[in-house]
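Geometric and topological summary
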Amino acid sequence: MASSALIQPRCTLHQIRSPGRPEPSRASFAAAAAANEAATSPCISARAWAGARASSSASVASAARTTTSAPRSRTASVAHMWRQVQGSNDWDGLLQPLHPVVRDEVARYGELVGACYKVLDVDPSSARYMCCNHAKERVLEEAGVAGAGYEVTRYIYATPDVAVAGGPSTSGRGRASWVGYVAVSTDEMTRRLGRCDVLVSLRGTVTQAEWAANLMSALEPALLDTRPDVKVEAGFLNLYTSSPGGGGGMGSCRDQLLREVSRVIKSFSKDRPREDMSVTLAGHSMGSALAMLLGYDLSQLGLNRDVSGRRVPVTVFSFGGPRVGNAAFKDRCDELGVKVLRVANVRDPVTMLPGAIFNEGTRGFLNSWAAGDRYTHVGVELALDFLSLRDLGSVHDLGAYVSSIKGEGGGKVSKSDNAATDSRGAAVLAKKAMQFVGSQRAAAFAWPEAVLGIGGVVQSLGLI
């Protein structure tokens, strides 16, 4: 094994057609690297960036497509290209090489999701266990993103309806856990972005009950509209739709999100009917699955419309997200206009699950046998490649994702201070999973999915 603990990051675009991610040619790497170096220069000019991209396009066929793209310099304002950043053209021509404005915006949303981990109380002995440690007015400041330019309007809780070993203090059955927040851009940020941005930020798996729900990998009808062919993972649907035991009026994660997002849209559009607006759903791991379900749900219910009936675009930024539903779910999301940018580390096993065998890349007799029960990724993938041999769990760490995005133009990915602060994501992936597995009886554990998951980890690390 090589002594180096770091691997050079790669950032490429793949349309989702195969579970295997084909490696670009060595020539395409060289051209893309030149373009990325130009893209990350603090003194970049429009001519330099365009020239670098033209060089890359000559070597990378997928970057040669024509596009009605936005300005191509770092000086280009997000306000002038916000629709493209939100995926109006499916990020065509903006990902290879990665446009500086897109890179900055994706990293910014990643940091806003990272805030969820920083303020979560994970001490089981605390009276605020699995709640946010701070009030809405100060939470972003306490999370280290005081200048984010958003005002939090509501906290969001999820309640997995599953039973795990350990008693009521650790089981999570009937207990609501804080999973994120809804926020709206301030007046100053709205001017900078060119529109009012309604943000939903959702964290990944932390509790044993959430892990148990994640392992419910069977596809079942979503039942969020009248399409019985649309199926999603049972565990994610459980997290999204289950309500706390004993009532209390909080409602399910779904109820809270639909109610608050639609309220903010109506309120803002009533006060400022002529201003543009967007809905951005950002999540890490399990949070990205919940964001995907919410994007689908909002759009099919028509709740992403302002008081005048004008459609508000819905975009999902998924960091290390798993597959969520079948091909019919993907098709329905496309039909509804839900835009999804999946930021995925090619070595992250979570992005390969569920559906390690039956997925969008399945061919031959297996394809016909699986019929409508094949898991299928939604949207466009922005593929990263990073791995620290000193910390294998970092392949799924949100901090490492953000660091890789920021430094993908040439620097090596390392466990920065920011990544270390967000290390709960990586710790959850490894430590919590093993704790959960050890606490369950073998008969209650979804062993087929576990075997496939272990195989995915081994394969993603390049050990086989």
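Cut-off values and rules
Residues numbered from 1 in each chain as written. Predicted model: local features only at pLDDT ≥ 70, side-chain atom pairs only at ≥ 80, totals over all residues. Heavy atoms only, no water. UniProt positions renumbered as here; feature names shortened; annotations may be inferred. Helix = DSSP H or I, 4+ residues; strand = E, 2+ residues; numbered from the N terminus. Buried < 20%, exposed > 50% of the residue type's maximum accessible area, 1.4 Å probe, protein only. Contact = heavy atoms within 4.5 Å. Areas by Shrake-Rupley, 256 points an atom, 1.4 Å probe, with all protein chains shown as cover. Axes fitted to C-alpha atoms, helices over the stretch in contact; angles between N-to-C directions. Parallel < 35°, antiparallel > 145°, perpendicular 65-115°, else oblique. Left-handed = near helix turned anticlockwise from the far one by under 90°. Nonpolar A, V, L, I, M, F, W, Y, C, P; charged D, E, K, R; others polar. Phe/Tyr/Trp six-rings, centres within 6.5 Å; stacked < 30°, edge-to-face > 60°.

As recorded in an unreviewed UniProt entry, the protein goes by Fungal lipase-type domain-containing protein and comes from Miscanthus lutarioriparius. Note on the protein: under the UniProt heading Sequence similarities (unreviewed entry), the record states "Belongs to the AB hydrolase superfamily. Lipase family." For the record of the protein, the UniProt heading Subcellular location (unreviewed entry) holds the text "Plastid, Chloroplast".

With that settled, the discussion passes to the overall build of the protein. From N to C terminus, the protein includes 17 helices and 12 strands. Within the span of the protein, comprising 464 residues, buried residues form 57% of the whole. Of the contacts formed within the protein by residues at least 6 apart in sequence, a portion of 73% connects residues at least 24 apart. Split by element, the accessible area of the protein, about 18,800 Å² in all, is 55% carbon and sulfur.

This paragraph deals with the packing of helix α10 (residues 253–271) against helix α11 (residues 286–301). Here α10 crosses α11 at 55°, and the two axes come no closer than 11 Å. Accordingly, the angle class assigned to the pair α10 and α11 is oblique. At the point where α10 passes α11, the crossing takes the right-handed sense. Contacts between α10 and α11 involve Arg-254, Leu-257, Leu-258 and Val-261 from the former and Leu-294, Asp-297, Leu-298, Gln-300 and Leu-301 from the latter. Of the residues assigned to the contact of α10 with α11, the class counts are 6 nonpolar, 1 polar and 2 charged.

Attention shifts here to the packing of aromatic side chains. One pass over the structure, following the stated rule, counts 5 aromatic pairs. For the pair Trp-91 and Phe-317, a centre-to-centre distance of 6.3 Å together with 70° between the ring planes defines the contact as edge-to-face. Of this pair, Trp-91 sits in the loop between α3 (78–85) and α4 (100–118) while Phe-317 sits in strand β8 (residues 314–319), placing them 226 residues apart in sequence. Per residue, the accessibility class of Trp-91 equals that of Phe-317, and both read buried. Measuring from ring centre to ring centre gives 5.2 Å for Phe-386 and Tyr-401, while their planes differ by 85°; the resulting arrangement is edge-to-face. Of this pair, Phe-386 sits in the loop between β12 (380–384) and α14 (398–407) while Tyr-401 sits in helix α14, and the two are 15 residues apart along the sequence. Judged by its relative accessible area of 1%, Phe-386 falls in the buried class. Relative accessible area serves as the criterion here: at 0%, Tyr-401 is assigned to the buried category. Members of the aromatic cluster, each reached through a chain of ring pairs, are Trp-91, Tyr-109 and Phe-317.

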